[in-house]
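One letter stands for each residue in the lines below.
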Amino acid sequence: MFGATLAGGGARGAYIAGALRYIYTELPKKLGYTPWPKLVSGVSVGAINGYFIASHSPYEIKRMTQLWTKDVRIEKIYRLPVGPISFFRNLFQIRKRASFLDASPLHHMVQQEASRRGLRHGIHPDRCLAFLVAATEVHSSKNIIFADTASPEIEVPKPNGGQVVRTKIYPEHILASGSIPMILPPIEIEGKYYFDGGLRQYTPLSPLIHMGANKIMIFGTRSEEEEDPPVDTPPPNLSAVGSYALNAMSLDFVERDLEITRRINRIIDWGVATYGKEFSRKLKRELFIRSLKPLHLRPSLNLGLLAQEVFDPQKIQADYNTRWLLSWLHETKENFYGDYSLSFLLFDPLYTKAAEQLGFEDTQKREEELLHFFTQPSWIEL
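Described in the following lines is the structure provided in the data block. Throughout this description, residue numbers start from 1 for each chain and increase along the sequence as written. At least 70 in pLDDT is required for a residue's local features to be given in this predicted model, at least 80 for side-chain atom pairs to be given and counted, and no such filter applies to totals for whole chains, interfaces and linings, which use all residues. By convention in this description, side-chain values take in all heavy atoms of the structure and omit both hydrogens and water.

## Some details on the packing of aromatic side chains
Classification of ring pairs rests on two measures: the distance between centres of Phe, Tyr or Trp rings, Trp counted by its six-membered ring, which must be within 6.5 Å, and the angle between planes, read as stacked under 30 degrees, edge-to-face over 60 and tilted in between. The tally for this structure, following the rule as stated, stands at 10 aromatic pairs. Between Phe 2 and Phe 373, the ring centres sit 6.1 Å apart and the planes meet at 80 degrees, which makes this aromatic pair edge-to-face. Taken as a pair, Phe 2 in strand 1 (residues 2-6) and Phe 373 in helix 16 (residues 367-375) lie far apart in primary sequence, 371 residues in all. Phe 373 shares its class with Phe 2; the two are buried. Between the aromatic rings of Tyr 22 and Phe 360, the centroid separation amounts to 5.4 Å while the plane-to-plane angle is 80 degrees, which identifies the pairing as edge-to-face. Helix and strand assignments follow DSSP, with helices taken as H or I runs no shorter than four residues and strands as E runs no shorter than two, numbered in order from the N terminus. Any residue under 20% of the maximum accessible area for its type is buried, any over 50% is exposed, and the rest in between are partly exposed; the area is computed with a 1.4 Å probe on protein chains only.

Below is the structure:
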């Protein structure tokens, strides 16, 4: 059973949209069928992209592409206080509010996209069995999994130190998953407040494994380059500290789960080679341990540096205050490695179109690997 888990990263989500565009428009021409996932999990902007593939609709894929390459605008995602005097006055009033940015435009956009009710078509025993959205409950800091399943009989594992909330996924659940603390306001759902699920579980990989997925595609927004930055970077200033903190909170770190998976696969391979196929069958039957075929799709380039390269305050479509804020974040490029905050907040086609195209091209280059992933039997089928 094929599952997909999608990471967040703000405007970096355009990269994943490009990868999905290739998989659901070009790869089917080689496969002979469209590889829709049976299980989907997402967090933050990954929950938004996850909505499109969980809908199992070619139209929703087209809509996703149009959204990221043409329609997205900063003014459709967030707003800053208007006018320089108002802006600085609001800096002193942040303690009275729940967030620095006004996210009402984003709320409107998500509500508008969800009005097509594509997800209601997708969640079905013959299509997507479950769509999982990760969030964090504000007061308890619990890891919450909102689970929309095709049947109440489908079991969803409880996350460590958290809980599963079975519900139909609506815009408020997607918005809650992407509500970055202090940047965007928490979302109220049935008397409780939630924010970004990435604080506790950035890519909800584990639930898919326990729900029976034996082939999982992991869509990330963090390149290998970002995991090994230069050692001679100078002490950070305030802008860089905020940027690195956002990176630490909200970028995907799935390597630990993947390494555990690889170790289990090696043990099962050794056991099958030594004792025969009954070894794997017995592990699955008695200990619920089984092998998994993962594929990690991630950027070939640092998306933070890509944001730096394409940024032009004269070309982005934004008001004066927003251009000032983004320009301030952009200044870190001369002294600090990776301007992460800029890549999170630059919801402008100048950047999102470039990131989306990179996602498409990176995925296209891995076509043979993808064909093998979908056509070869996984170890669990031994």
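## What to know about the pattern of salt bridges
What makes a salt bridge here is a side-chain nitrogen of Lys or Arg within 4 Å of a carboxyl oxygen of Asp or Glu, nothing more. Within the structure shown, the criterion is met by 11 salt bridges. As a salt-bridge pair, Arg 63 and Glu 113 come within 2.7 Å of each other at their nearest N and O atoms. One end of the pair, Arg 63, is in helix 3 (residues 58-71); the other, Glu 113, is in helix 5 (residues 104-114), with 50 residues separating them in the sequence. Residue Arg 63 is classed as buried on the basis of its relative accessible area, which comes to 14%. With a relative accessible area of 7%, Glu 113 lands in the buried category. A salt bridge links Arg 281 to Glu 278; the shortest N-O distance between them is 4.0 Å. Separated by three residues within a single helix, Arg 281 and Glu 278 lie in helix 11 (residues 278-287), roughly one turn from each other.

## What about a nonpolar patch on the surface?
Each patch is built from residues lacking any salt bridge and having more than 30% relative accessible area; the joining distance is 9 Å for like charges and 5 Å for nonpolar side chains (Val, Leu, Ile, Met, Phe, Trp, Tyr). For accessible areas, the Shrake-Rupley method is used with a probe of radius 1.4 Å. Any residue's cover is judged against the shown protein chains and nothing else. Side chains of Ile 260, Ile 264, Leu 287 and Ile 289 sit close together on the surface and give an oily, nonpolar patch of about 320 Å² of accessible area. Secondary-structure assignment places Ile 289 in the loop between helix 11 and strand 9 (293-297). In this structure Ile 289 comes out as partly exposed when scored by relative accessible area, which is 33%.

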